[in-house]
Amino acid sequence: MSLQVIFGLSIALTLNQKFKGRTFLRAMAFTPWAISGVLTSVMWSLMYNEHMGVVNDLFMRLNLISQRYAWVADLDTVFSAVVVAELWRGIPFFAITLLSALQGIPEELYEAARVDGAGRVKTFFHITLPQLKNTLVLTTLLRCVWEYNNVDLIFNLTGGGPAHHTTTLTMYVAELAIRENNFGYGSAITVVSFVILLIFAMTYLKLSRMERGAEG
């Protein structure tokens with residue numbers, strides 16, 4: 001999650017600058033967010049394929065590996081492979097929301113900072129970051145809830161394997177209830193999950209009210 005925030009903020013800051021081709025790059029940066037999780041998992045499965053995947057081909061051309069790997073079938077590489085796929089899918093969400101927040105920061109604040117002789121680093125930490133605080137908190141909280149319930153990408157990419165190495169709590173509940181017919185234990189975990197998500201939701205609503213109150 002932290003990597004999604006960092007890369008998303010970096011992309012938002014870059015796309016907030018004025019340069020030629022900015023509109024095209026914005027569209028390209030936001031494209032992964034528009035693709036469904038199933039299509040994303042199929043695409044990454046093909047890219048990670050041991051025999052014809054572009055990842056193996058690229059790494060071998062760059063002399064980074066000496067043999068082809070089954071990225072989503074190897075215990076040593078499957079977690080990193082899933083993380084990369086999740087980053088590709090999740091970063092655009094933060095880029096979109098943070099870019100919108102960046103465009104809402106008054107230009108007068110930056111002009112005053114330049115008059116006072118503040119450099120880019122000071123301007124970022126004393127103006128940009130504080131202005132993005134509410135958006136960062138709310139989007140991170142919302143993304144945490146989505147990741148908590150995430151099933152489609154990981155399930156279609158790895159099926160929770162190998163050896164349950166990428167099995168999420170939601171996938172585990174489905175396996176208990178549907179495959180093993182252990183509805184009691186599955187229901188108990190579901191109730192705990194509901195309580196956790198309820199806490200997230202209450203926190204999100206409280207922070208939303210605080211943000212509206214600050215704006216008012």
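Here the structure is shown first, and the text comes after it.
Residues numbered from 1 in each chain as written. Predicted model: local features only at pLDDT ≥ 70, side-chain atom pairs only at ≥ 80, totals over all residues. Heavy atoms only, no water.

Regarding the overall build of the protein
Where we set the bar: Counting from the N terminus, the helices are the DSSP runs of H or I reaching at least four residues and the strands are the DSSP runs of E reaching at least two. For every residue, the accessible area obtained with a 1.4 Å probe (protein chains only) is divided by the maximum for its type, and the residue is called buried under 20%, exposed over 50%, and partly exposed between those limits. Residues count as neighbours in contact if any of their non-hydrogen atoms are within 4.5 Å of one another. The Shrake-Rupley method, run with a 1.4 Å probe sphere, supplies the accessible areas, and residue values consider only the shown protein chains as cover. Positive charges come from Lys and Arg, negative ones from Asp and Glu, while His and the chain ends are left out of the count. Positions of charges follow a simple convention, taking NZ of Lys, CZ of Arg, CG of Asp or CD of Glu.
The helix and strand inventory of the protein stands at 10 helices and zero strands. Going residue by residue from the N terminus, the α and β elements of the protein occur as α-α-α-α-α-α-α-α-α-α. When the backbone C-alpha atoms are referred to their principal axes, the protein occupies close to 65 × 50 × 25 Å. Residue burial in the protein is summarised as follows: out of 216 residues, 32% are buried. In the protein, the proportion of contacts linking residues at least 24 apart, taken out of those at least 6 apart, comes to 63%. For the protein, the accessible surface area stands at approximately 13,400 Å², while carbon and sulfur atoms represent 64% of it. Of the charged side chains in the protein, 16 are positive and 15 negative; the average position of the first set lies 9 Å away from that of the second.

Thoughts on the nonpolar core
As a reminder, the rule being used: In plain words, nonpolar cores are sets of buried Ala, Val, Leu, Ile, Met, Phe, Trp, Tyr and Cys residues tied together by side-chain atoms within 4.5 Å.
Within the largest apolar cluster, 17 residues are counted, with the highest numbers of intra-cluster contacts made by Leu 98, Ile 105 and Leu 132. Looking at this core, the elements that each hand over two or more residues are helix H1 (2-15), helix H5 (78-103), helix H6 (107-115) and helix H7 (120-148). Ranked by residues supplied to this core, first place goes to H5 with six residues. When sequence neighbours within four positions are dropped, the list of residues in contact with Leu 98 reads Gly 8, Leu 9, Ala 12, Leu 132, Thr 135 and Leu 136. Counting residues in hydrophobic clusters, the runner-up holds 13 residues, among them Trp 44, Tyr 48, Ile 65 and Ile 154.

Section: the side chain of Thr 158
Heads up, the condition is: Whenever two N or O atoms come within 3.5 Å, that pair is a polar contact, provided that in protein one can donate a hydrogen and the other can accept it, and provided that, for residues adjacent in sequence, both atoms are side-chain atoms.
Along the chain, the position of Thr 158 falls in helix H8 (residues 152-158). With relative accessibility at 15%, the residue Thr 158 sits in the buried group. Side-chain polar atoms of Thr 158 contact the backbone nitrogen of Gly 160, separated by 3.2 Å.

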